[in-house]
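Here is what each chain is made of, one letter per residue.
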Amino acid sequence: MIKRLDSKVLLALGLILFLALGAASCGPAADVDTPDDPVDRVSELRIGRPEDSESLDPHVQTTAPEVWVYDHIYETLVTVDENMDVQPQLATEWEVIDETTWRFYLRDDVEFHDGSKFNAEAAKFAIERAIDPETPARGRAWIGPISGAEVVDEYTLDVMTSEPFGPTLHSMTMVYVLGIVSPSAVEEHGDAYGRNPVGTGPYQFISWETDEEIVLEVYEDYWGERPGVDRLIFKVIPEEGTRAMSFDRCDIDFLLHPPAPQLQGYRDDPDVIVEEVTGMRTFYVAFICSRPPFDDVRVRQAVHYAIDVDSIVDHVAPELTVRAQGFDAPVAFGFKDAGLLERYAFDTDRALEIL
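Residues numbered from 1 in each chain as written. Predicted model: local features only at pLDDT ≥ 70, side-chain atom pairs only at ≥ 80, totals over all residues. Heavy atoms only, no water.

A.B. asks: Provide a residue-level description of the overall build of the protein, including the pertinent values.
C.D. replies: A tally of helices and strands in the protein yields 11 helices and 15 strands. Contacts in the protein between residues at least 24 apart in sequence constitute 58% of all its contacts with a sequence separation of at least 6. (Helix = DSSP H or I, 4+ residues; strand = E, 2+ residues; numbered from the N terminus. Contact = heavy atoms within 4.5 Å.)

Dropping the structure here:
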């Protein structure tokens with residue numbers, strides 16, 4: 001996906017009511033040619049981001065500063081492609097055994113970065129660690145009624161749900177809940193595992209200087225296709241303007257969360273390529289409907305009418321956001337257009353009338 005260019009490349013990921021940006025190949029990283037790899041390679045990619053991670057354990061942290069990093073370290077049994085269609089990853093095939101059981105047939109050529117074997121026992125360990133009621137994963141609620149896993153044989157695993165659940169397969173793609181961790185590394189490092197992550201992904205963890213940088217390198221024995229960049233360096237640059245200046249000076253090659261006012265300038269810059277897609281994240285106001293005053297549906301409706309969403313979209317990040325039509329983004333599995341624009345147009349008089 002990332003190819004070294006003589007110019008800077010800006011990758012813009014437009015999220016629902018938000019924005020993330022990146023840039024690749026600013027120039028300082030050297031190409032690496034290998035006899036068995038005719039494609040030009042990049043030795044390292046320096047990524048500027050606003051904040052450090054807290055833990056690289058996918059069962060402990062689920063926010064962007066963590067996922068940006070550990071999505072390269074861990075894999076899941078199945079994943080999704082750019083069209084959000086489920087594709088094989090650590091599992092090659094799957095089938096429905098009954099209304100509460102999915103069977104996964106696993107790859108037999110995978111090992112963790114610590115040299116231990118990936119198999120059904122390892123997958124079972126990771127899944128049951130995530131759903132352990134005593135210490136559930138932070139994102140436990142996102143995978144619905146997944147209730148356990150059973151080893152059928154060394155490379156066959158059954159995943160069970162407590163009731164029929166249509167999105168089970170999509171739930172299995174969530175690396176920030178069901179990323180497959182190394183059982184031996186978890187046992188070795190205990191509470192410190194989040195600072196010593198071990199997965200099966202294309203990159204292995206190398207080092208972490210708190211509030212400075214995290215370094216990953218290609219895992220040479222990775223089962224899949226070798227990535228085009230040998231080393232990823234995630235550098236922490238908290239201040240937005242400083243981060244953008246670092247990109248402009250080529251101190252970093254990839255920019256996350258640049259100042260929105262500068263985006264048009266990047267679009268107009270012939271040395272910068274901007275690619276934008278609609279993301280999956282939706283920003284919303286959440287009510288605790290069991291507590292006053294939001295236990296009264298009229299109060300919740302009044303809040304809807306009282307928020308000028310169009311002004312937020314037009315002025316907070318113009319040209320970078322779209323107004324939500326429902327709880328999920330249009331590209332998400334199960335999206336339903338709830339007609340929010342028509343049902344809850346900005347109307348303070350209506351809000352006061354309801355109250």
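Text resumes after the structure shown.
A.B. asks: Give me the lowdown on the pattern of salt bridges, citing residues and values where you can.
C.D. replies: Counting across every chain of the model gives 16 salt bridges. The residue Asp230 makes a salt bridge to Arg226 at a minimum N-O spacing of 2.9 Å. Judged by its relative accessible area of 16%, Asp230 is buried. When salt bridges that share partners are traced, they join Glu44, Glu217 and Arg231 into one network. (Salt bridge = Lys/Arg side-chain N within 4 Å of Asp/Glu carboxyl O. Buried < 20%, exposed > 50% of the residue type's maximum accessible area, 1.4 Å probe, protein only.)

A.B. asks: Go over the sheet that holds strand S7 (residues 91-98), please, and point to the residues and values.
C.D. replies: Read across the open sheet, the four strands follow the order S7-S8-S10-S9; overall the sheet is antiparallel. Only two strands of the sheet have a single partner each, and these edge strands are S7 and strand S9 (146-153). Each strand axis lies, on average, 25° off the axis of its neighbour in the sheet, ignoring direction. When S9 meets strand S10 (residues 156-161), the two strands line up antiparallel, connected through six bridges. Paired with Asp153 across the bridge in S10 is Thr156. Running at roughly 170° to S9, helix H2 (residues 120-131) makes contact with strand S8 (101-106), S9 and S10 of the sheet. (Pairing = 2+ DSSP bridges. Axes fitted to C-alpha atoms, helices over the stretch in contact; angles between N-to-C directions.)

A.B. asks: How would you sum up helix H6 (residues 240-248)? Please name residues and give values.
C.D. replies: Within the sequence span of H6, burial applies to Arg243, Ala244, Ser246 and Phe247. The buried residues of H6 occupy an angular sector of 155° when the element is viewed end-on, so they sit on one face. With a side-chain oxygen positioned 2.9 Å from the backbone nitrogen of Gly241, the residue opening H6 is Glu239. (Arc of directions from axis to C-beta. Polar contact = N/O pair within 3.5 Å; in protein donor to acceptor, adjacent residues only side chain to side chain.)

A.B. asks: Hey, could you go over the packing of aromatic side chains for me, with residue numbers and the actual values?
C.D. replies: Evaluated as defined, the whole model comprises eight aromatic pairs. On the basis of an interplanar angle of 80° and a centroid distance of 5.6 Å, the ring pair of Trp142 and Tyr176 is categorised as edge-to-face. Taken together, the residues span a long stretch of sequence, with Trp142 in the loop between H2 and S9 and Tyr176 in helix H4 (residues 175-178) at a distance of 34 residues. Given a relative accessible area of 44%, Trp142 falls into the partly exposed group. Where Tyr222 meets Trp223, the ring centres are 5.3 Å apart and the plane angle is 50°; that geometry is what we call tilted. Stacked on the ring of Trp208, the Lys or Arg Arg195 has its end atom at 3.8 Å from the ring centre. (Phe/Tyr/Trp six-rings, centres within 6.5 Å; stacked < 30°, edge-to-face > 60°. Lys NZ or Arg CZ within 6 Å of the ring centre and 35° of its normal.)

A.B. asks: So what's going on with the nonpolar core? Which residues, and what values?
C.D. replies: Ranked by internal contacts, the top residues of the largest apolar core, which has 58 residues, are Leu77, Phe104, Leu106 and Phe118. Per-element accounting of this core gives the leading share, seven residues, to H2. If sequence neighbours within four positions are ignored, Phe118 has contacts with Leu77, Leu90, Leu106, Arg107, Val110, Glu111, Phe112, Ala123, Tyr155, Ile180 and Thr200. Listed in part, the seven residues of the second largest apolar core include Ile237, Phe247, Leu255 and Val272. (Core = buried A, V, L, I, M, F, W, Y, C linked by side-chain atoms within 4.5 Å.)

A.B. asks: Can you break down unusual backbone geometry residue by residue, with the values?
C.D. replies: Here the bond from Pro292 into Pro293 is cis, since omega is 0°, no more than 30 degrees from zero. Tracing the sequence through the fold places Pro293 in the loop between strand S15 (274-278) and helix H8 (297-306). Positive phi is not limited to glycine here, since Asp211 has a value of about 60°. With respect to the helices, strands and loops of the structure, Asp211 is situated in the loop between strand S11 (203-209) and strand S12 (213-218). The phi dihedral of Cys250 is positive, around 70°, even though this residue is not glycine. Within the secondary structure, Cys250 is located in the loop between H6 and strand S14 (254-255).

A.B. asks: Before we move on, can you summarise the confidence of the model for the protein with the specific residues and values?
C.D. replies: Mean pLDDT over the protein stands at 87; residues scoring 70 or higher make up 88%. Considering only residues more than four positions removed or in separate chains, one finds that residues 1-25, a stretch of pLDDT under 50, has 110 contacts. Low pLDDT (under 50) marks residues 27-35, which in the prediction has 24 contacts with non-local residues, meaning those over four places away or in another chain. (pLDDT = per-residue confidence, 0-100.)

A.B. asks: Let's hear about the pairing of S8: which residues, and what values?
C.D. replies: Relative to S8, S7 runs antiparallel, the two sharing six bridges. In the sheet register, Glu95 faces S8, and the bridge partner there is Arg103. Between S7 and S8, which pair antiparallel in sequence order, lie two residues. Taken together, the five bridges between S8 and S10 define a ladder with antiparallel strand orientation. Across the sheet, residue Tyr105 finds its bridge partner in S10, namely Thr156.

A.B. asks: Residues and numbers for the side chain of Thr161, please.
C.D. replies: Its place among the elements puts Thr161 in strand S10. Judged by relative accessible area, Thr161 falls into the buried class, the value being 6%. A polar atom in the side chain of Thr161 sits 2.7 Å from the backbone oxygen of Glu163. If we ignore the near neighbours within four places in the chain, the residues touching Thr161 are Glu99, Thr100, Pro145, Ile146, Ser147 and Thr168.

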